[in-house]
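For reference, the chains in residue letters:
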Amino acid sequence: MSELREKLLYKPKHGLDRLSETERQEMEAYSRAYMSFLDHGKTERDCVDTAIELAEARGFVPYAPGMELEPGKKVYVNNRGKGIMLAVIGKQSLAEGAHIGAAHTDAPRLDLKPNPLYEDTELAYFKTHHYGGIRKYQWVTVPLELHGVVVKADGETVRVTIGDKPTDPQFVINDLLPHLGREQGKKPLNEAIPSESLNILVGTQPLRDDDGSDRVKLAVLAYLHNAYGITEEDFISAELEAVPAANARELGFDRSLIGAYGHDDRVCAYAELHAILELDVPEKTAVCIFADKEEIGSEGVSGMMSEAFDYFMESMCKQQGVDLRTCYSKSFCLSADVTAAYDPNFAEVYEKRNSAFVNYGVGLCKYTGAGGKSGASDASAEVVGYVRNLFNQNGVIWQMAEMGKTDAGGGGTVAKFMAQRNIDTLDAGVPVLSMHAPYETVAKLDCYMTYRGMKAIFEDAR
Ligand code: MN
Ligand code: MN
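Residues numbered from 1 in each chain as written. Chains lettered and ligands numbered in written order. Predicted model: local features only at pLDDT ≥ 70, side-chain atom pairs only at ≥ 80, totals over all residues. Heavy atoms only, no water.

(A) Local environment of a nonpolar patch on the surface. Taken together, Met1, Leu4, Leu8 and Leu9 make up a surface patch of nonpolar side chains, about 490 Å² in accessible area. Structurally, Met1 can be placed in the segment before helix H1 (2-8). (Patch = residues over 30% accessible without salt bridge, like charges linked within 9 Å, V, L, I, M, F, W, Y side chains within 5 Å. Areas by Shrake-Rupley, 256 points an atom, 1.4 Å probe, with all protein chains shown as cover. Salt bridge = Lys/Arg side-chain N within 4 Å of Asp/Glu carboxyl O. Helix = DSSP H or I, 4+ residues; strand = E, 2+ residues; numbered from the N terminus.)

Written out as structure tokens, the structure is:
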């Protein structure tokens, strides 16, 4: 009878029970590298810079149309500093298709408004406009850093990074004290902190020897002018992002988890990057994408809907005398994005038989979407079958996952934009606890297995 059980029933096992000692050590080393990547990649721009640094150290060079693309050649395209595409040319022609990993490195955050600085009651603030889906109540009383660029009147671009060094000041959005929060406490969670109250406190010291009504604001501008040479009008051509200030840390007595800002989706982006950097001469051309703008719908020139990707692929295809559409039709893409991990504290929104669990490996999602799979790419059984078998053959610990109960909500990824290009695509990624919060939680095992899965795809000859 137990033989029959073994043969017929699907019984996923805890990932940590399935790791060899060598794998355990590799997982720890991988996790350390990932945590360092996170600490250097607090924004999409920072992620691109960090990726370029790591890639160039492994022999990747900037791609130029027309360059020689012999097997094993390693190239990258920097898409306006906000996205990056890396490729390792395979033994087979691009006519046989490419093996692609597509993740995103933008994360929910608070962007400064174009005219952000004001003073109220001798307190200076920045107005923010949140980027991506956030639960606003989570972003008050959290230490913040400021990262981004300012393009000045003379055209010079200034990089701004404040708050990540131990001696730097940080910033905060204040909340009401409980003593006076009686009315606020009665409001629904999503109304208690309105968007227009997400104002960052940036200074309280008035400019000396000035008698204007905005002496604190002026003092902030004087500081900024001194430090970066910028004026108030320069904010108009700036992209300044307020992001949570904490660095990545191991969590739990057993250190099995990683807490950090921006796991969604840097945890999958790093998995792809780590995998492609290790390639020598793959069978198929391997392509790793860090897309921007996923959190606001993948629109924009640096998003996955942009032709920047097609331009890069077509240019490489031309070099091999291959039609881009032929290449796409034979390609495979893993849309590497996080999924929701089952959280027993909120069991009511999950459907336990079809949830992703922490420590059960990379989560494969046949479909995402909401309300009857709306907006989902919905991979075919054949595509799921391919990945399932490939992962099994390569010792990749994986699980099948839906995001939550059918009626509870939903979400999307870049999968549908790859599928639209006639590329077979499957969603897969790391299960995350408190996704989109200023501080998200993932398990080391799931991070490591996402990398192992990505590596198996890049190395596969199908
Ligand atoms: Mn995501
Ligand atoms: Mn997201």
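(B) Structural context of the coordination of the manganese ion (ligand 1). At this site the manganese ion (ligand 1) is bound by His104 (NE2), Asp264 (OD), Asp337 (OD) and Asp337 (OD), with donor distances of 2.1 to 2.6 Å. All donors of the manganese ion (ligand 1) come from a single chain, and their spacing in sequence reads H-x159-D-x72-D. Between the manganese ion (ligand 1) and the manganese ion (ligand 2), a spacing of 3.3 Å is present, and a bridge between the two is formed by Asp264. You can see Asp264 sitting in helix H7 (residues 263-277) and its partner Asp337 sitting in the loop between strand E14 (332-336) and strand E15 (339-340), a full 73 residues away along the chain. Accessibility classification places Asp264 together with Asp337 in one group, the buried group. (Donors = N, O, S within 2.8 Å, 3.2 Å for Na, K, Ca; no water. Buried < 20%, exposed > 50% of the residue type's maximum accessible area, 1.4 Å probe, protein only.)

(C) Main features of helix H12 (residues 444-459). With 16 residues, H12 should cover 22 Å at 1.5 Å per step; its first-to-last C-alpha distance of 23 Å lies within 8% of that length. The element H12 is largely enclosed, with a buried count of 14 among its 16 residues. (Expected span 1.5 Å × (residues − 1).)

(D) Representation of the packing of helix H3 (residues 44-57) against H7 in the model. Between H3 and H7, whose axes approach to 11 Å, the crossing angle comes to 15 degrees. With respect to H7, the element H3 is oriented roughly parallel. Considering only the axes of H3 and H7, their crossing is right-handed. Of the residues in H7, those touching H3 at Glu44, Cys47, Ala51, Leu54 and Ala55 are Arg266, Tyr270, Leu273 and Leu277. Among the residues forming the contact of H3 with H7, the class breakdown is seven nonpolar, no polar and two charged. (Axes fitted to C-alpha atoms, helices over the stretch in contact; angles between N-to-C directions. Parallel < 35°, antiparallel > 145°, perpendicular 65-115°, else oblique. Left-handed = near helix turned anticlockwise from the far one by under 90°. Contact = heavy atoms within 4.5 Å. Nonpolar A, V, L, I, M, F, W, Y, C, P; charged D, E, K, R; others polar.)

(E) View of the sheet that holds strand E22 (residues 440-443). Pairing is antiparallel in the open sheet, where three strands are placed in the order E11-E12-E22. Two strands close off the open sheet at either side, each with one partner strand: strand E11 (249-251) and E22. Ignoring strand direction, the axes of neighbouring strands in this sheet form an average angle of 35 degrees. Along the sheet, helix H2 (residues 21-40) makes contact with E11 and strand E12 (257-260), crossing E12 at roughly 0 degrees. Those strands touched by H7 are E12 and E22, and its axis lies near 30 degrees from that of E22. (Pairing = 2+ DSSP bridges.)

(F) Fine view of the side chain of Thr441. Here Thr441 lies in strand E22. Beyond its immediate stretch of four places on either side in the chain, Thr441 contacts Leu251, Leu257, Ile258, His263, Pro431, Val432, Leu433 and Ser434.

(G) Quick peek at the state of the cysteines. The final tally for this structure, using the stated rule, is zero disulfides. This cysteine, Cys47, is not joined by any disulfide, and Cys288 carries the nearest cysteine sulfur, 11 Å off. Cysteine Cys268 is unpaired, with the sulfur of Cys447 as its nearest cysteine sulfur at 8.4 Å. (Disulfide = S-S within 2.5 Å.)

(H) Quick peek at the coordination of the manganese ion (ligand 2). The manganese ion (ligand 2) binds to the protein through Asp264 (OD), Glu295 (OE), Glu295 (OE) and His436 (NE2); the donor distances cover 2.1 to 2.6 Å. Each donor residue of the manganese ion (ligand 2) lies on the same chain, and together they follow the pattern D-x30-E-x140-H.

(I) A look at helix H10 (residues 381-393). The end-to-end C-alpha distance of H10, which contains 13 residues, comes to 18 Å, matching closely the 18 Å that a straight helix rising 1.5 Å per residue would cover. Among the residues of H10, Val383, Val384, Gly385, Tyr386, Val387, Leu390 and Phe391 are the ones counted as buried. Structurally, H10 contributes buried residues whose contacts are with strand E4 (98-104), E14, strand E16 (362-365), strand E18 (398-400), strand E20 (424-429) and H12. After H10 finishes, the residue Gly395 shows a positive phi value of roughly 65 degrees.

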